[in-house]
Amino acid sequence: MKNIYKTILLNREANRKMLAVLLDPDQCRGGILASTIAILKSNTPDLIFVGGSHTVTSIDSLIDLLKEEIKTNIVLFPGNASQFSTQADALLYLSLLSGRNAEFLIGQHLTSAIAIKKSDIEVIPTGYLLIDGGKPSSVEYISNTRPIPRDKKEIALSTAVAAELLGMRLVYLEAGSGANLPIPSDMIEYVRSGLSLPIIVGGGIKNTNQLTEAFDAGADIVVVGNIFETEPDKISEFVVCTHSYGKETSN
Ligand code: 1GP
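Read on for an overview of the structure. What you see is a predicted model; the values in this text were computed from it and never measured. (Residues numbered from 1 in each chain as written. Predicted model: local features only at pLDDT ≥ 70, side-chain atom pairs only at ≥ 80, totals over all residues. Heavy atoms only, no water.)

Re the pairing of strand β5 (residues 122–130)
Right, so step 1: The buried fraction of β5 amounts to 7 of the 9 residues, a majority that puts the element mostly inside the structure.
Right, so step 2: Across 7 bridges, strand β4 (residues 90–96) lies against β5 in parallel orientation. Considered in β5, the bridge of Leu-92 is made with Ile-124.
Right, so step 3: In this region the chain leaves β4, passes through helix α4 (residues 102–118) and returns to the parallel neighbour β5; the handedness of that crossover is right-handed. (Buried < 20%, exposed > 50% of the residue type's maximum accessible area, 1.4 Å probe, protein only. Helix = DSSP H or I, 4+ residues; strand = E, 2+ residues; numbered from the N terminus. Pairing = 2+ DSSP bridges. Right-handed = clockwise from strand over helix to strand, strands pointing away.)

Some words on empty space enclosed by the protein
Right, so step 1: Throughout the structure, instances matching the rule amount to 2 cavities of 30 Å³ or more.
Right, so step 2: What lines the largest cavity is simply Val-21, Leu-22, Leu-23, Asp-24, Cys-28, Ile-32, Thr-36, Gly-225, Phe-228 and Glu-229.
Right, so step 3: Sorting the residues of the lining of the largest cavity by element identifies β1 (18–23), α2 (30–42) and α9 (226–230) as the ones contributing at least two each.
Right, so step 4: A class-by-class count of the residues in the lining of the largest cavity yields 6 nonpolar, 2 polar and 2 charged. (1 Å grid on protein atoms, 1.4 Å probe; cavity = no way out; pocket = protein on both sides within 12 Å on 5 of 7 lines; lining within 4 Å. Points joined across faces, edges and corners; volume = space filled by probe spheres on them. Nonpolar A, V, L, I, M, F, W, Y, C, P; charged D, E, K, R; others polar.)

Focus on the site of the ligand
Right, so step 1: The ligand sits among 14 residues. The nearest are Glu-174, Ser-177, Gly-178, Gly-204 and Gly-225.
Right, so step 2: Taking Ser-177, its side chain carries an N or O atom lying 2.6 Å from an oxygen atom of the ligand.
Right, so step 3: A distance of 3.1 Å is found between an oxygen atom of the ligand and a backbone nitrogen or oxygen belonging to Gly-203.
Right, so step 4: Expressed as a share of its isolated accessible area of 310 Å², the protein-covered part of the ligand is 97%. (Near = heavy atom within 4 Å. Polar contact = N/O pair within 3.5 Å; in protein donor to acceptor, adjacent residues only side chain to side chain. Areas by Shrake-Rupley, 256 points an atom, 1.4 Å probe, with all protein chains shown as cover.)

Points about helix α3 (residues 59–69)
Right, so step 1: The complete set of buried residues in α3 reads Ile-59, Leu-62, Ile-63 and Leu-66. An end-on view of α3 places all buried positions within 95° of arc, on one side of the element.
Right, so step 2: One side-chain oxygen at the N-terminal end of α3 lies 3.3 Å from the backbone nitrogen of Asp-60; it belongs to Ser-58. (Arc of directions from axis to C-beta.)

Overview of the environment of Gly-51
Right, so step 1: Relative to the elements of secondary structure, Gly-51 occurs in the loop between β2 (47–50) and α3.
Right, so step 2: The contacts of Gly-51, once residues within four sequence positions are left out, are Leu-22, Leu-23, Asp-24, Pro-25, Ile-59, Phe-77 and Gln-83. (Contact = heavy atoms within 4.5 Å.)

Pasting the structure below:
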């Protein structure tokens, strides 16, 4: 079994930021999938996340294809228990802590728990916090939960610290795929200041300025998906930006 979480911790210690490219099997098919894979082969991100809040297409076949073609870690980012696949390297075992829907706090977990335990996948328990991204998100609709308001950084921090105290290993600040507004920098900074866990930030990041802002504010991993569905060529720019982050100042 690979130890992806350990790599995340080591990178964090060394202030090496990570990029996760999110592929939603429903969106990433046919010609788009072929061109995306071709680009990912020569511009490989640290992680590829696979999943989506409303994915109906088979996850297994996409993961098989990705593993054949690209040398990187494939991490499941499931919208529900049906998206579990033993083919992936790791699983974000997500609890939607910003919401009060028991189904996404524990219900989906027990549906998949035995299969996960029997597999040798690396499980990374993750506190998942939905933040208002300026428009209704699929996560909000599907989970029937309300996001944390953008100006309530205290609520975000309390929720993130609760995740830490509950033994979770990562906190994911999510603005929703295709959000109008990414997670506010001051919220990332505030959560960073009071939390010991690595932070993932995603939702609505469309250019490398926004990527750098999230890193500057304290994100350890940034997830980008939506923009690459229409502009896969941008992947290389994001990979270069992530891997050169901080190098100018440290030399
Ligand atoms: C969505 O955080 C991810 O769950 C990525 O968001 O698709 O907007 O890049 P985008």
